[in-house]
Amino acid sequence: MTSKRARRAGLAVAVAAVGAIVGLAVTPSFADPATPVPGPIGDQPGDPAPQHQPRIPTAPCDPGGERPADGTMADQLNPQLNNTMRGHMNSYKVSCVRVIAQTVRDRGLNPRAAAIAIATVIVETTINNYSEAVDHDSLGLYQQRPSQGWCQPVQCIDPVFATNAFLNVMEQFYPNGSWNTAPIGDVAADVQRPADEFRYRYAREAADATVIADAMWNNSGASRHPYASGRVVSARSADGRLETFTAGADGVHHAYQTRVNGDWSAWRPLGGPRNAHLAIAPNADGRLELFAVSGQTLDHIWQTRPAGEWSGWANFGGPGYRIAAGTNADGRVEVFASNETGVFHKWQTGPTTWSEWEGTHGGPANSRLAMENAPDGRLEVFALSDNTFEHLYQMRPNGGWSAWENFGTGGRDVALSHNQDGRLEVFASNGNGVFHRWQTSHTTWSEWEGAGGIANAELAASRSIDGRVEIFAINADTASHIWQRRPNAPYTAWESFGTGGTEIVASNNADGRMEVFGTSRAGIFHKWQTGFSTWSAWAWLADSAGPSIE
């Protein structure tokens, strides 16, 4: 922060609230050794002329260092950006925004909060964690000043401490989550307090910051947005490799990527319930947990360590028809299951402990279930039976649940996703095709709208690296897909995606490319993006067909 900025009177109090956070020890290094640090971009009225800046020492943002996937992500992001950071993202800068996004997540906030923080560090330092003062005693990603009460010098260059300090002041200036609806640039400027003629800079970076935040949020190994449930499920381990499970007549089978974004292992049988319906979710420490329900049997297994081996099966309750799992804002997993009497749920009370099953005071009997996270982290649950479609949601993040509300009539299948701006998108199928409903704000919904498409389809949803939602549909005869023309925008017409099958699910590789899995009586196929608009042909997932799925 520059010496031009005036501080609000309550700033020191707000910053002091993060004083208990321990700063990490850091060793100064140099980012971008081959080129000067990018300076201010002098392309707007009132901007200072670009200055040639000397290289300024920087500290690592991640104590564990940059990851191989950080460079890949930088290459994906650079052509998506339009302002200061276009062409300047590299593995170091990605490691910094990755730490910012994870800090926001750990605090229980949402991707919009991450976008506000990232817009700020773009303006302040072009995402460099400066370990020497740039202006007076300004340090770190946010150019926070020890003399202004923000932090001790070592804390200023700890991105976790610095981000929490920034968010504390943000929440003081915008209480009760009001930053969710205020413009990103206004929130960032109100925290940083530049001279009035420079406030626009934060708004100028808001769109790019949203793209970056969304990529960090949705390509983290511990994504909070629920994975789709079904006869086949796929989720990323903490190390970025996809793990895929399918439920055959002889139990559950497992295949996994042998390297990040890479090839697949052979199928291996895991036992467990036969012809089950599956759900998968990450625990707060990054371990995946798999749930399988089949008639009277409801069991689960879990990774014994992040990205590690799997436990044996343990009973989780029963009976059940369908199941879905999601993650609370504080990282605790919550599981919903339906049976002939309605919908029930069970949730983690600690890292390895669970509540008892509890009714939800209704819900459609024998319904297909899907879950998503609202922009503020609240879980929302949608339940579709042959005759009824209902919806309930948490009243606050990590909190209690609303009553069931009518959401439409019955159908075949349901798929959920979220826009780049956080608004939820719901797709449902029936004998007449595919229908679509979306949030018009974070609390209001559109009417149902026909989307065309094939009849009686099984559905899946995924998202491109720039936040566009893509919908996949399959029935016994054909497969097709549609996608948003741009983030938060209308959809294309349906295009062919292959021949028919019995179920479809979509996931994302660590580099953001979508991977789609299709089941059939012949076995398990997959199809993956070879770029961000091109696809492979369908192929067996592993070295053999895998189990038949009726």
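Up top is the structure these notes are about.
What counts and what doesn't
- Residues numbered from 1 in each chain as written.
- Predicted model: local features only at pLDDT ≥ 70, side-chain atom pairs only at ≥ 80, totals over all residues.
- Heavy atoms only, no water.
- Pairing = 2+ DSSP bridges.
- Helix = DSSP H or I, 4+ residues; strand = E, 2+ residues; numbered from the N terminus.
- Axes fitted to C-alpha atoms, helices over the stretch in contact; angles between N-to-C directions.
- Phe/Tyr/Trp six-rings, centres within 6.5 Å; stacked < 30°, edge-to-face > 60°.
- Buried < 20%, exposed > 50% of the residue type's maximum accessible area, 1.4 Å probe, protein only.
- Lys NZ or Arg CZ within 6 Å of the ring centre and 35° of its normal.
- Core = buried A, V, L, I, M, F, W, Y, C linked by side-chain atoms within 4.5 Å.
- Contact = heavy atoms within 4.5 Å.
- Parallel < 35°, antiparallel > 145°, perpendicular 65-115°, else oblique.
- Left-handed = near helix turned anticlockwise from the far one by under 90°.

(A) Local environment of the sheet that holds strand 17 (residues 413-418). Across the sheet, four strands lie side by side as 17-18-19-20; this open sheet has antiparallel pairing. Of all the strands in the sheet, the pair left with one neighbour each is strand 17 and strand 20 (449-452). Shown here is a sheet whose adjacent strand axes are inclined to one another by a mean of 30°, direction ignored. For strand 19 (residues 433-438) and strand 20, the ladder comprises three bridges, and the chain directions are antiparallel. Its bridge partner lying in strand 20, F435 is registered against G450.

(B) Up close: the packing of aromatic side chains. Taken as a whole and assessed by the stated rule, the structure comprises 20 aromatic pairs. Arranged with centres 5.7 Å apart and planes meeting at 35°, the rings of F389 and W448 form a pair that is tilted. Within this pair, whereas F389 is found in strand 15 (residues 388-393), its partner W448 is found in the loop between strand 19 and strand 20, the two being separated by 59 residues in sequence. On the accessibility criterion, F389 (1% relative accessible area) is buried. An aromatic cluster is built from F382, F389, F407, W445 and W448, whose rings are joined through pairwise contacts. A cation over a ring is seen here: K346 above F316, with NZ or CZ 4.2 Å from the ring centre. Its guanidinium or amino end placed over the ring of F497, K527 lies 4.2 Å from that ring's centre, counting from NZ or CZ.

(C) Here's a closer look at unusual backbone geometry. Along the chain, G318 connects to P319 via a cis peptide bond; the corresponding omega equals -5°. You can see P319 is positioned in the loop between strand 8 (314-317) and strand 9 (322-327). Although it is not a glycine, N176 sits at a positive phi angle of roughly 60°. Although it is not a glycine, A307 sits at a positive phi angle of roughly 65°.

(D) Quick peek at the nonpolar core. If you look at the biggest cluster of nonpolar residues, it comprises 58 residues, and the most contacted ones within it are L77, M89, I127, M170, I212 and M216. Top element by residues in this core is helix 4 (residues 111-125). It accounts for nine residues. Excluding residues that lie within four positions of it along the chain, M170 makes contacts with L109, A113, I116, W179, V187 and V191. Counting residues in hydrophobic clusters, the runner-up holds 14 residues, among them Y227, V233, A235 and W310.

(E) Looking closely at the packing of helix 4 against helix 6 (residues 159-173). At their nearest, the axes of helix 4 and helix 6 sit 11 Å apart, and the two run at 115° to each other. Considering the angle they form, helix 4 stands roughly perpendicular to helix 6. With respect to the hand of their crossing, helix 4 and helix 6 are arranged in right-handed fashion. Residues A113, I116, A117 and T120 of helix 4 lie in contact with helix 6, whose contacting residues are F166, L167 and M170.

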